[in-house]
Amino acid sequence: MWTLRYTAEAIAGLYLIPRGPAAEVTAAIRALQRTPLPDMAGPEPTGKPNTYVLTVADHAVTYEVIEEGQIIKILLIES
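Residues numbered from 1 in each chain as written. Predicted model: local features only at pLDDT ≥ 70, side-chain atom pairs only at ≥ 80, totals over all residues. Heavy atoms only, no water.

Caption draft 1: How the structure looks around the pairing of strand E4 (residues 59-66). Within E4, 6 of the 8 residues are buried, which leaves the element mostly enclosed by the surrounding structure. Inspection of the sheet shows strand E3 (residues 51-56) paired to E4 by 6 bridges, in the antiparallel sense. From the neighbouring strand, Thr 51 faces E4, where its bridge partner is Glu 64. Where E3 hands over to E4, the hairpin turn is made up of 2 residues, of which Ala 57 adopts a positive phi near 50°. Of the strand pairs in this sheet, E4 and strand E5 (residues 71-78) are connected by 7 bridges, and their pairing is antiparallel. Looking at E5, one finds that Tyr 63 is bridged to Ile 74. Hairpin geometry of E4 and E5 is characterised by an intervening segment of 4 residues between the two adjacent antiparallel strands and by a positive phi of about 95° at Gly 69. (Buried < 20%, exposed > 50% of the residue type's maximum accessible area, 1.4 Å probe, protein only. Helix = DSSP H or I, 4+ residues; strand = E, 2+ residues; numbered from the N terminus. Pairing = 2+ DSSP bridges.)

Caption draft 2: Expanded view of the nonpolar core. The biggest cluster of nonpolar side chains holds 18 residues, and the ones touching the most others in it are Tyr 63, Ile 74 and Ile 77. Among the elements of the structure, helix H2 (19-31), E3, E4 and E5 are those that each provide at least two residues to this core. When residues of this core are assigned to their parent elements, the largest contribution, 4 residues, is made by H2. Leaving out residues up to four positions away in the same chain, Ile 77 has contacts with Ala 10, Gly 13, Leu 14, Ile 17, Val 25, Ile 29, Ala 60 and Val 61. (Core = buried A, V, L, I, M, F, W, Y, C linked by side-chain atoms within 4.5 Å. Contact = heavy atoms within 4.5 Å.)

What follows is the structure, given as structure tokens:
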């Protein structure tokens, strides 16, 4: 299972989301621990190496996959 790491900006963004949608976003982020790499209906590459955007409940979660150490770094969560 992959390890989740959050930047301060991502945590601040998560706290700005209302409770119901925040639960959906959190569940989607936790699901990345099992399958962090994009598939046909999942996250889209951002153009930066190993960085993807996942849209959940009208919120964008930008994250980086760090193969070494199996880390998913949540960079930003925004509306």
